[in-house]
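Fold and contact review
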Amino acid sequence: MTLLDRRWKVLLVTSVAVFMAFLDVTIVNVAFPSIRREFPETSLAGLSWVLNAYNIAFAALLVPAGRLADLVGRRRMFFIGLALFLAASAACGLAPSAGVLVAARVVQAAGAAVLVPTSLGLLLPEFPVERRATATALWGATGGVAAAAGPSLGGVLIELTDWRAVFFVNLLFGAAAWLPARRLLREARDPDRGAVPDALGIALLGGGVAALALAIVEAPGWGWGSARVLGASAIAAAALAAFIRRSATHPHPVVELGLFRVRSFAAACAGTGVFSLGFYALLLSNILFLTGVWHYSILKAGFAVTPGPLMAALSSATAGRIADRHGQRVVAAPGGLVFALGCLVFVTGLDAQPDYLRYLAGTLLTGTGVGLSFAGFSSAAVAELAPARLATGSAIAACFRQLGAVLGIAVLIAVLGPAAGLDDFHAAWSLMAVTGTAAAVAGLALRPVRRMKVDAVPVVAGG
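Bear in mind the structure is a predicted one, so any value in this text is a computation, not a measurement. (Residues numbered from 1 in each chain as written. Predicted model: local features only at pLDDT ≥ 70, side-chain atom pairs only at ≥ 80, totals over all residues. Heavy atoms only, no water.)

Attention now moves to the environment of Ala-361. Tracing the backbone through its elements, the reader meets Ala-361 in helix α14 (residues 356–383). Of the residues examined, Ala-361 reaches a relative accessible area of 38% and is grouped as partly exposed. Residues Ala-361 and Gly-342, 19 residues apart in the sequence, show an inter-C-alpha distance of 7.4 Å. (Helix = DSSP H or I, 4+ residues; strand = E, 2+ residues; numbered from the N terminus. Buried < 20%, exposed > 50% of the residue type's maximum accessible area, 1.4 Å probe, protein only.)

Once that is clear, we can look at empty space enclosed by the protein. Counting across every chain of the model gives three cavities of 30 Å³ or more. Lining the second largest cavity are Asp-24, Val-25, Asn-29, Leu-51, Tyr-54, Asn-55, Arg-105, Tyr-280 and Ile-409. Counting only elements with at least two residues in the lining of the second largest cavity, the list comes to α1 (3–38) and α3 (49–72). Residues of the lining of the second largest cavity, tallied by class, amount to five nonpolar, two polar and two charged. (1 Å grid on protein atoms, 1.4 Å probe; cavity = no way out; pocket = protein on both sides within 12 Å on 5 of 7 lines; lining within 4 Å. Points joined across faces, edges and corners; volume = space filled by probe spheres on them. Nonpolar A, V, L, I, M, F, W, Y, C, P; charged D, E, K, R; others polar.)

Moving on: the packing of helix α10 (residues 263–292) against α14. Contact geometry of α10 with α14 gives a least axis separation of 9 Å together with a crossing angle of 155°. Between α10 and α14, the angle falls in the class roughly antiparallel. Taken as a pair, α10 and α14 cross one another with a handedness that is left-handed. Packed against α10, whose contacting residues are Ser-264, Phe-265, Ala-267, Ala-268, Gly-271, Thr-272, Phe-275, Ser-276, Phe-279, Leu-282, Asn-286 and Leu-290, the element α14 presents Tyr-359, Thr-366, Gly-369, Val-370, Ser-373, Phe-374, Phe-377, Ala-380 and Ala-381 at the interface. In the contact of α10 with α14, the residues fall into 13 nonpolar, eight polar and no charged. (Axes fitted to C-alpha atoms, helices over the stretch in contact; angles between N-to-C directions. Parallel < 35°, antiparallel > 145°, perpendicular 65-115°, else oblique. Left-handed = near helix turned anticlockwise from the far one by under 90°. Contact = heavy atoms within 4.5 Å.)

Under the definition given, this model contains seven salt bridges. Across the salt bridge formed by Arg-6 and Glu-126, the nearest N and O atoms sit 3.0 Å from each other. Of this pair, Arg-6 sits in helix α1 while Glu-126 sits in the loop between α5 (98–123) and α6 (132–160); the two residues are 120 residues apart in sequence, bridging distant segments of the chain. Glu-126 sits in the buried class, given a relative accessible area of 9%. (Salt bridge = Lys/Arg side-chain N within 4 Å of Asp/Glu carboxyl O.)

Under the criterion given, the structure shown has 21 aromatic pairs. With a centroid separation of 6.1 Å and an interplanar angle of 90°, the aromatic rings of Trp-163 and Phe-167 are classed as edge-to-face. Considered together, Trp-163 and Phe-167 belong to a single accessibility category, that of buried residues. Taken together through their ring pairs, the aromatic side chains of Phe-289, Trp-294, Tyr-296, Phe-346, Tyr-356, Tyr-359, Phe-425 and Trp-429 make up a single cluster. Sitting above the plane of the Phe-374 ring, Arg-401 keeps its charged end 3.8 Å from the centroid. (Phe/Tyr/Trp six-rings, centres within 6.5 Å; stacked < 30°, edge-to-face > 60°. Lys NZ or Arg CZ within 6 Å of the ring centre and 35° of its normal.)

Once that is clear, we can look at the nonpolar core. Within the largest apolar cluster, 139 residues are counted, with the highest numbers of intra-cluster contacts made by Phe-78, Leu-101, Leu-290, Trp-429 and Met-432. Among the elements that take part in this core, α1 stands out by supplying 17 residues, more than any other. (Core = buried A, V, L, I, M, F, W, Y, C linked by side-chain atoms within 4.5 Å.)

This brings us to helix α11 (residues 298–305). Listed in full, the buried residues belonging to α11 are Ile-298, Ala-301, Gly-302, Ala-304 and Val-305. End-on view of α11: buried residues confined to an arc of 165°, all on one side of the axis. (Arc of directions from axis to C-beta.)

Our focus in this paragraph is the packing of helix α13 (residues 329–349) against helix α16 (residues 422–444). Look at α13 against α16: their axes get within 7 Å of each other, and the N-to-C directions meet at 170°. As judged from the angle between their axes, α13 and α16 are roughly antiparallel. The handedness of the crossing between α13 and α16 comes out as left-handed. Residues Arg-329, Ala-332, Ala-333, Gly-336, Leu-337, Phe-339, Ala-340, Cys-343, Leu-344, Phe-346 and Val-347 of α13 lie in contact with α16, whose contacting residues are His-426, Trp-429, Ser-430, Met-432, Ala-433, Thr-435, Gly-436, Thr-437, Ala-440, Gly-443 and Leu-444.

A word on helix α7 (residues 165–184). For α7, which comprises 20 residues, the first-to-last C-alpha distance of 29 Å matches the rise-based estimate of 28 Å (1.5 Å per residue) to within 8%. At Trp-178, α7 is deflected by roughly 25°, the largest bend along its length, and proline Pro-180 occurs up to four residues later in sequence. Taken together, the buried positions of α7 are occupied by Ala-165, Val-166, Phe-167, Val-169, Asn-170, Gly-174, Ala-177, Ala-181 and Leu-184. (Expected span 1.5 Å × (residues − 1). Bend = angle between axes of the 7 residues up to and from the residue.)

With that settled, the discussion passes to the confidence of the model for the protein. Residues at a pLDDT of 70 or more form 91% of the protein, whose mean pLDDT is 86. For the protein, the element scoring lowest by mean pLDDT is α6, at 77; α16 scores highest, at 96. Here residues 451–463 is modelled with pLDDT under 50, and outside its nearest four sequence neighbours on either side it reaches 49 contacts, counting other chains as well. (pLDDT = per-residue confidence, 0-100.)

A cluster of nonpolar side chains, namely Ile-80, Leu-84 and Val-107, defines an oily patch on the protein surface of about 200 Å² accessible area. Within the secondary structure layout, Ile-80 lies in helix α4 (residues 74–94). (Patch = residues over 30% accessible without salt bridge, like charges linked within 9 Å, V, L, I, M, F, W, Y side chains within 5 Å. Areas by Shrake-Rupley, 256 points an atom, 1.4 Å probe, with all protein chains shown as cover.)

Here you go:
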């Protein structure tokens, strides 16, 4: 095997692993209506934890998993993450109840949180410094391909079998990666960059966000002023306050607060979090709208939403080149506005009668906005960081993305209610337009700097 062959085979193996992690962002959204029919005794708010449990665990574990891999070995942790993800995928597919499904999704997220940083950590040493940007761009493009393929692949699998197939398909991808990975991947450690993860900080972050999401999704049924909602809100406030305090005092915190003194990093994290509120809510809301209001089949809905993530993948590549030449602000700010415009097309152009051309216009706009915004914010998050803080900074930005996903889905479930109608979707899309506009404002706060040319590249997580 030549050195060139080896490099590209390592790229392929690590990309397949990450493909699975990103595929679950969009493919599970397509399966959501079928899962809801499978467990009719579970409320919509209860089933939202199939999505939110994954995002919360992923957000809380991403940074610690990368640090742990630096300590004990990236190859070892890669296979632990892959085994966890595949075992949990099988458990999801076999789940006899919604509770078991949610629990399996937490384990699945833990595996994904290990796979993402370790796969890039194993890939980069295989390439010379001058080729690492190209290798990472191809690795990162896997996420875009997965997001674009998820809806249509999920629709086909559900049409041929049922929703459980969207989890079992991971076993095929995992088997394709496991054997060559055993032969190709080399162990790598970096103990100087690693540290024992702050277990209490992880628990405070995950518990605080989970309590906040619980308060939001259950408030319409429990009552906004009920003791349970107020209690969950108080727990969330106390846990998150304790998390911030611990991050300020712990020697190896989950989130390094000092990084937020860097203007571009702070603005990028804020923009990423706010934009993710609308983006992840949009992913789920459009599937629910197409199947619930327009009565599309899962297969038809899956193909109907595919142009959105496809446009996101295409526009992100162009946005990256523009940001390299002119700075991230010129793509992040317009991206938020284009996303907001697409949401307003849904509000003003869609009604109870199916009109796919109007839907297509809106989804092409939102998809373009997603590609522009995430490309700009992801690059800006590390543009002014020292090389030693690139991995940590990019992981924190990814954490904000997943936290935005949790809150976005929680708010969507609260707005739609148990029996969503057209007016409810219009209200939800209007709120998503607000998040796009707010993200554009955050984009304007970015410094007009170009991405630093460094020998490490940020980890990007999510769909």
